[in-house]
Structure formats: C-alpha cells, structure tokens
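Inside the fold
Each chain, letter by letter, is given below.
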Number of protein chains: 2
Amino acid sequence: MEYLEKLGVNAKKAEREMCGIGASDKNKALKILAENLLANTDSIISENLKDIVNAKKNNMSAAFVDRLSLTKERVAQMADGVLEVCSLSDPVGEVTGGWELYNGLEVTKKRVPLGVIGIIFESRPNVTVDAATLCLKSGNVCILRGGSDAINSNARLTAIIQDSLEKAGLPRFAVQLVEDTSRETAAKFMGLGQYIDVLIPRGGAGLIRAVVENSSVPVIRTGEGVCHVYIDKYATLDMAVKIADNAKTQRPSVCNAAETILVHKDIIKDFWERLSPLWEGKVVIYADEATARYVKSERIATDDDYAAEFNDNIIAAKAVDSVNEAVEHIARFGTKHSECIVTENLKNAEFFMKVVDAAAVYVNASTRFTDGQQFGLGAEIGISNQKLHARGPMGLSELTTYKYLIRGDGQTRE
Amino acid sequence: MEYLEKLGVNAKKAEREMCGIGASDKNKALKILAENLLANTDSIISENLKDIVNAKKNNMSAAFVDRLSLTKERVAQMADGVLEVCSLSDPVGEVTGGWELYNGLEVTKKRVPLGVIGIIFESRPNVTVDAATLCLKSGNVCILRGGSDAINSNARLTAIIQDSLEKAGLPRFAVQLVEDTSRETAAKFMGLGQYIDVLIPRGGAGLIRAVVENSSVPVIRTGEGVCHVYIDKYATLDMAVKIADNAKTQRPSVCNAAETILVHKDIIKDFWERLSPLWEGKVVIYADEATARYVKSERIATDDDYAAEFNDNIIAAKAVDSVNEAVEHIARFGTKHSECIVTENLKNAEFFMKVVDAAAVYVNASTRFTDGQQFGLGAEIGISNQKLHARGPMGLSELTTYKYLIRGDGQTRE
C-alpha cells in the first residue's frame, strides 16, 4: 500500500474507534500527554537540537530558528496548553435540535466530530501538540503534515502523543505525522479526499494560498488578516488614538492586528497630530497624499501597501471622505477578518456593522480581541476568514459537524 | 473588463445593496416574480422550444429532452415554488448567540447571508428559478451557470427574474446568468474566489466530481447518494420488506433512494422469499453468491456495483454476518448521505446510529425521508453529503453564515 494511503486507512480505523470514546477517556489521555511531555523534555530538546543545527546549516534567519526552537520553558508551556484544553467542556454529543415529524418520525440533530482532519503547517513544532490536542478533545482524528525543517521535533512529539493515547486506551493512530515531507507527498496529501474530511492550513499567506489552490479536500482558510481601523468624523479623539495604537502596536505580528488606518478627512489633522508623537521612530507609515501632509510618510501608499499584511510595525494610512468610502476600501482590500469603526454616531456605527463583510466587526474597540480566549471560547485552532462552516475564532465546537438521527417504527414515504 | 470579472463586480455591488433589503422587500420581489412567470409563459415556452429543437438535432435522449422541456404546467409549478419559498420565514438577522466579555465588550453573533453563491447545473431550466429564489430569500446574490443545452430557456428566465427584482426595488444583478457556456469560461468560473464565496454544483456525480476537483472556491457537495438499508437479524420481517421496497422503488431516480440492501445471513432466506415476488420483473438485482441462492440475480455483484448510484430500478444485495460487517460495508461504499437499519434490537440500533458516518441515519424508517420538505425545513437547494458547513437537506438557514458584532466604549487589549 502506498505511504499516504496507509496513513489514511489507519486514520479511518482510528476514527471508528473514537466513536466509542467518551469525554473522560479523552481527558485521561490529555492528562497523560501533559505528564509525558514534561517527563520527556530532554529527549524533545535533543531531537529539536538536530532541527536547529540543520536550520543553521541552511542559513535560516534568526527569527526562523527562534520559532523552531524548543526550550524547557516552551515544553512546559505546551504541557500547560494540553491541560487547558483538557479543562474545556466536550462539544461532542450535544443535541442541538430535535422534533417530531407529521408521521411520528423522531428527528434528533446531534453534534459529532468532523472526522479526519488534515493539518498542514510550517516549522513551529508547538503546532504538533496544539493541533493534536484540539482535534482529540473534539473527538477528531488528525494527520499532521509539518514543515521539513521541524521533522525531528515533530516525530518525537508525535511518538509521545501516540504513546500517551495508547496508555489511555485510545487508538494510537488518532494522531499521525506525515514523515515524508517531500513536495510530491504534500501535493498528494491535498488530494486525499477519500480519507480526509477537512484540511486546515496553519501558517503564512503563501502556505494558505497554496493549499486553497491545490486541495480537492474541503479547506478552512484561517489567519489572513488585513484589518482596518476607521476613525469616523464623529470619533472621540482620545479613544480613536488609543484604539488605533493598540490595534497596530500591541502585537503587530498577529492576524488581528491592524494594517491600515482610515481617517475621515474632517479630523485627519487632529487625529494624526495626536497619534504621530506616539509612533515616532516606532511605526513606519505609508500614507496617501492627503494624510502625508500631517505625518512622516515613508513613501506614498500604493495599492500593494493597502493589500499587504505587514505583520510588523508598519501601517498604511488613507484619508476618506465618508463612512461609505471607508467601507468601500475595506471591501476592496480587507480579508474578511476583523474591522473596526471608532465613532459616537449611531447611524454610522450601525451602517458599518451591517455592510462590512467580516468575521468580527467592532464599534469602539480594538481589533485585537478577535481570539478564542478573548471571546470566551477557549483555545482555538485558528481564526477562520472564510464564510463556509465557521467564521472567526475556531474553538472546539467549530471542529464538529452534526448528523440527523431519525427513529421510526416502519415509516415509509408515500 | 473580462466577461466573468464583470459579472463578479456586478455581483459584489448587488451584495452590498442587498444589505439594506429586508424580508418584506424580498417577499415583494418573489411575488412579482411568480406573477411574471405566469404572465410570460408563452415567451418562456417559445425560447424553450429552441433548446428542444437543438437537443433533438444533437440526438439527445428522450429522458434528456424531457428534463429540458417546459410546459404550461411546469411553468405554473415554478411559480408555485416561488410562492412557497416566499412563505418561509427569513433566516437573515437572527441572533444565534451573544454575551458580555470580562471587559464589558458586548458580543452578538448574527446570521448573515453567505454572500455571492455560484450555482453550476445541467440542463434543467427549472433550477434557474428554483436556485435564484432560495438565494434571494436568504439574502444572497447568485451567479448561475447552467448547461449550454438550456441556454435559451435560462436566458429568458433570468431576464424575467431580473425584471421582477428591478420592479420590486431590488438590485437587478442579484441574479445573473453566465451566458457564455464554453468550457474555458466554466473553468475560470471555478477560480473566481475573489467574487464568489461558495459554489454549489447541482447535477450528476460527474458534474459534482469535476467541480470538487477543479474549483479553488469553497464547494458544497450535494446529492451523491449510495444509500443502504441493512436488515438486521432482529428485524421484523414485514417492516423490513416494506422499508426496503419503499427505499428502492418509491422513486428510484433520486439521491435518497437505496442502492444496496444488506441482509443478516440468519434471516436472508425469509427476507428475500418475501421481497422477491414484489420485485419480480420490476427490480434488477446484483447479488453476492450467498444472496443469489434466494433471489434471481442478474449477475454476481462486483465492487463497482456496490459503489454505483444506479438511480434506477436496480439494486445491489449482500449477505452480512453482523451489524459490524454492515457498518464496515457502508463505511467503504457509502457516500455519507442516508443509511438505515431495520431492527428491534436496541443495542444494534444504537451502535448503528453511533458508528455510521452519514448526514441522516435511520432506525426502522425509509431513507426516502431525507428531504427539506419532509424534515420540515421547507424547500432545499440540495442535500449536502460533505461535513463542512451543512449536512443533509440544505434549506434557507444553511444558505447563511454569521458574523460577530462587538460593541465597546474604547476597550483595548493589554
């Protein structure tokens, strides 16, 4: 049997076995996993070291090596993350609806796992544990395909997960790793619809685009965030400055950080004169000509700047003459993630919330709140910015689907 | 601007305009449409006649010509269908959740339309009106791509829809038809992710497979139904015969009809001796060797027979030695649509419902009930047999997504 097909067959078998596993068994496995991660810290770090040595040999950047690196503290954080997911309530089995039909048939709509989830990610070995834990807790089976640079770390972590599953009486192959990290195998993986129900890519925009273009398995797009803060004519200036600053600089590397500030032309001078001193020497601005009169603009902003996800202390800025123009700009350049209006005008706030097409639309609050923890959903597998299935932070419930159970006593259709 | 791009831009503009359209305006448009269909019956039939003449010239089958043909009665049925959708309640705007965060942020989860839906279908012109009506009622904009054989009918129907929209004050381009039915344009249509949020193919297995393979836009798979009836050892024979007969023969051409009967070996003789006389000269059976001892089998069933969606008075049959073997067979050959067990044994019933992975799992009832009308959901755009987004009959609610609205008074993240 071909390599990937074998993983697929294993996964389907594990999927079936997972049907009989309840919440307490899953929690037992997660607790064992947390213990085993701590107990195996040394071997994890020594396998990780092989990856680091290779990465340095391949002249990878310091930031890359940092993302790849596991330390004692980072392993402890992983174990904490597992226990945190363990403490969340189990979404599987929830009856979300039910009714009796005209002919006496009893219909029950019940939450069930998605089935087999494929996770494609880059060289952050913590994703291995993080994704596997969320999949397990929601009753799913997963096949992980991480970047080749982290293969030694990922293989060690997967073995620890599998041993923990076995010890708890769960199917070992509920979590598997694609150890062949060639491009050909990755391409085949994205066509494995016979075995995989959903693919979730986790990583940069390039990875996500590649999966969307090449996969015939249904994909959930996550984490593409070109988010905007629009400062309306009727904004309170103090609040506007505080929100814009928070949305851009509190953690610029993440998807819910702002990438463009739109400011109504009537308050552009006042707004930027207050914000500029805060950002002096810290945030690079690419502004349009109207804005550049009031801020130090590195260059005049291009359409490419407005479409860019900088993930850095860089921001594009534009003057607009109405909430309507702001909404048009967002429709053109946004990624349907998180969008904010700062205003005290009710009509403009309502219009913005109604017309802006995004997972999360904010009035007078920072875009940085789009997050499973902040929303109270618990840990998340990612923030969906597509419209099918789930939108925004994807917690455990969003890793489930449903089925209809219909109980009869001989009903046939006339 | 390129042809499809123009349709895309029109659709996005209409999508925005639809944000301001409430339930009463949508209903007004649907009522006008129903009237206009009746008032334009003659012109619809005369355009349809062109398609029929072409189809006959191209030596299409009688069944094909029948599906293509519109009569006065069929136009009246279309108009009735429009009024029926009009009478359903509007799912848009429903608040499905909401809570206050630790920092005072007010989160509201609200149901919104999916946006722009692409419908790809074959040569049944009634789909034009049917799909457009469901999309409109759920606040969506649609772009229809029907088969080239029905182009004259579809163009006339689309014009009537657009005129009705305009008369009701709705955006004309909320419904558009791809009039260029070339293969190249179809391929480009499936890559139009910039403008289209979801693609829904409606038609045979070949069409659906082609869309799934070639689309980079998210797809909802519908209508692939290799459904099974499993007659357990503990079945009541009368009920088993009645359900098997209904599931196969009540309407064999549809996706929720049964394609394979699995019978426990302990009752195989009794069961088939009762069912065979009913099916004599009516249903062709492809049975395995164990079953062929009791029924007139056309040939010994192959794996291809077990995988086939006959959509006809043909059935595959197999003897199994346990509910477990039945479930294994279904996992291998089923399409996750509708599956049935006939049994009086509680344990077997519960096991079957738990382990069988399908949109609808029946105990002691015909698979033919998997249907939006039968389930009480109203008219449906199709029956999803994938797990992302929606499963089973897709009514108006399943044509929506949600967004989070977050209201604050200056909250920023620490």
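Calculation criteria
Residues numbered from 1 in each chain as written. Chains lettered and ligands numbered in written order. Predicted model: local features only at pLDDT ≥ 70, side-chain atom pairs only at ≥ 80, totals over all residues. Heavy atoms only, no water. Helix = DSSP H or I, 4+ residues; strand = E, 2+ residues; numbered from the N terminus. Rg over C-alpha atoms; globule rule 2.2 N^0.38 Å. Contact = heavy atoms within 4.5 Å. Areas by Shrake-Rupley, 256 points an atom, 1.4 Å probe, with all protein chains shown as cover. Lys, Arg positive; Asp, Glu negative; His and termini not counted. Charge placed at Lys NZ, Arg CZ, Asp CG, Glu CD. Buried < 20%, exposed > 50% of the residue type's maximum accessible area, 1.4 Å probe, protein only. Arc of directions from axis to C-beta. Least-squares fit on C-alpha atoms with pLDDT ≥ 70 in both. Pairing = 2+ DSSP bridges. Axes fitted to C-alpha atoms, helices over the stretch in contact; angles between N-to-C directions. Buried area = accessible area lost by both parts, 1.4 Å probe. Salt bridge = Lys/Arg side-chain N within 4 Å of Asp/Glu carboxyl O. Nonpolar A, V, L, I, M, F, W, Y, C, P; charged D, E, K, R; others polar. Phe/Tyr/Trp six-rings, centres within 6.5 Å; stacked < 30°, edge-to-face > 60°. Disulfide = S-S within 2.5 Å.

**A few points about the overall build of chain A**
Assigned secondary structure in chain A consists of 16 helices and 16 strands. Taking 2.2 N^0.38 as the reference for a compact globule, 414 residues should give roughly 22 Å; the C-alpha atoms of chain A span a radius of gyration of 24 Å, in line with that estimate. Expressed along its principal axes, the backbone C-alpha trace of chain A runs to roughly 70 × 70 × 35 Å. A sequence separation of at least 24 residues applies to 71% of the contacts in chain A between residues at least 6 apart. Put simply, chain A shows about 16,200 Å² of open surface, and 48% of that area lies on carbon and sulfur atoms. The centroid of the 49 positive side-chain charges in chain A is displaced by 2 Å from the centroid of its 56 negative side-chain charges.

**Some details on helix H14 (residues 323-333) of chain A**
For the α-helix, the turn length of 3.6 residues means that residues three or four positions removed from each other point alike. Residue and element names in this part refer to chain A. Looking at H14, one finds that the buried residues are Val-323, Ala-326, Val-327, His-329, Ile-330 and Phe-333. All buried residues of H14 lie within an arc of 160° about the axis, which places them on one face of the element. Away from its buried face by more than 90 degrees, H14 exposes Ala-331 and Arg-332.

**Observations regarding unusual backbone geometry**
Here the phi dihedral of Asn59(A) falls at roughly 55°; this positive angle occurs in a residue that is not glycine. What makes Asn59(A) exposed here is its relative accessible area of 69%. The backbone of Asn311(B) sits at a positive phi, close to 50°, despite the residue not being glycine. Relative to the assigned elements, Asn311(B) resides in the loop between helix H13 (303-307) and strand E11 (314-320).

**Brief notes about the relation of the copies chain A and chain B**
Under the fitted operation, chain A is carried onto chain B by 0.0 Å of movement along the axis and a turn of 180°, and the coordinates agree to an RMSD of 0.0 Å. Those values place the two copies in the arrangement expected of a two-fold rotation axis. Taking C-alpha positions as reference, the residue of chain A nearest the rotation axis is His389(A), located at 1.8 Å. The share of interface residues of chain A whose copies in chain B are also at the interface is 100%, consistent with both copies meeting through the same surface.

**Re the sheet that holds strand E13 (residues 360-365) of chain A**
The strands making up a sheet are joined through hydrogen bonds of the backbone, oriented either antiparallel or parallel. Read from one edge of the open sheet, 10 strands run E10(A)-E9(A)-E11(A)-E8(A)-E7(A)-E12(A)-E13(A)-E16(B)-E2(B)-E1(B), paired in mixed fashion. Each edge of the open sheet carries a strand with a single partner, namely strand E10 (299-300) of chain A together with strand E1 (95-100) of chain B. Along the sheet face, helix H10 (residues 237-249) of chain A touches strand E7 (227-231), strand E8 (258-264), strand E11 (314-320), strand E12 (338-342) and E13 of chain A together with strand E16 (400-411) of chain B and points at about 125° away from the line of E16(B). Seen against the sheet, helix H11 (residues 268-279) of chain A touches E7, E8, strand E9 (284-287) and E11 of chain A and runs at an angle of roughly 145° to E8(A).

**Some thoughts on the interface of chain A and chain B**
Across the contact, 74 residues belong to chain A and 74 residues belong to chain B. Summed over both sides, the interface of chain A with chain B buries roughly 6,300 Å², with 52% coming from carbon and sulfur. The three residues of chain A that bury the most area against chain B are Arg16(A), Leu388(A) and Arg413(A), which together make up 13% of that side's buried surface. Summed over the shared surface of chain A and chain B, the number is 10 salt bridges. Its salt-bridge partner being Asp197(A), residue Lys387(B) comes within 3.3 Å of it at the nearest N-O pair. Broken down by element, the residue count for the side of chain A that touches chain B peaks at 11 residues, all from strand E16 (residues 400-411) of chain A. Per-class residue counts for the side of chain A that touches chain B are 35 nonpolar, 17 polar and 22 charged. Here E13(A) pairs with E16(B) via 5 bridges, running parallel.

**Some words on the pattern of salt bridges**
All told, the structure shown has 54 salt bridges over all chains when counted by the stated rule. Across the salt bridge formed by Glu15(A) and Lys387(B), the nearest N and O atoms sit 3.4 Å from each other. With one member in each of two chains, Glu15(A) in helix H1 (residues 3-18) and Lys387(B) in the loop between strand E14 (382-384) and strand E15 (392-394) form a pair that bridges those chains. Here Glu15(A) matches Lys387(B) in class, with each residue buried. Residues Arg413(A) and Asp371(B) are paired through a salt bridge, measuring 3.9 Å at the closest nitrogen-oxygen approach. In this pair, Arg413(A) sits in the segment after E16 while Asp371(B) sits in the loop between strand E13 (360-365) and E14, so the two residues belong to two different chains. Assigned by exposure class, Arg413(A) and Asp371(B) land together as buried.

**Notes on the packing of aromatic side chains**
Evaluated as defined, the whole model comprises 16 aromatic pairs over all chains. Considering the side-chain rings of Tyr286(A) and Phe310(A), the 5.9 Å spacing of their centres and the 70° angle between planes classify their relative orientation as edge-to-face. In this pair, Tyr286(A) sits in strand E9 while Phe310(A) sits in the loop between helix H13 (303-307) and E11, placing the two residues 24 residues apart along the sequence. Across the pair, exposure class does not vary: Tyr286(A) and Phe310(A) are buried alike. Ring centres 5.0 Å apart and planes at 70° place the aromatic pair Phe375(A) and Tyr404(B) in the edge-to-face group. Remark: Tyr404(B) occurs in strand E16 and Phe375(A) occurs in helix H16 (residues 372-375); the pair is interchain, linking two chains. One aromatic cluster is present, built from ring pairs that chain together Trp99(A), Tyr402(A), Tyr404(A) and Phe375(B).

**Some points on the state of the cysteines**
Residues and elements named next belong to chain B. As enumerated under the stated definition, the model contains 0 disulfides over all chains in all. As a non-bridged cysteine, Cys-19 has Cys-135 as the owner of its nearest cysteine sulfur, 16 Å distant. A relative accessible area of 22% places Cys-19 in the partly exposed class. Between Cys-142, a cysteine without a disulfide, and Cys-135, which holds the nearest cysteine sulfur, the sulfur-to-sulfur distance is 4.3 Å. Under the relative-accessibility criterion, Cys-142 is labelled buried at 0%.

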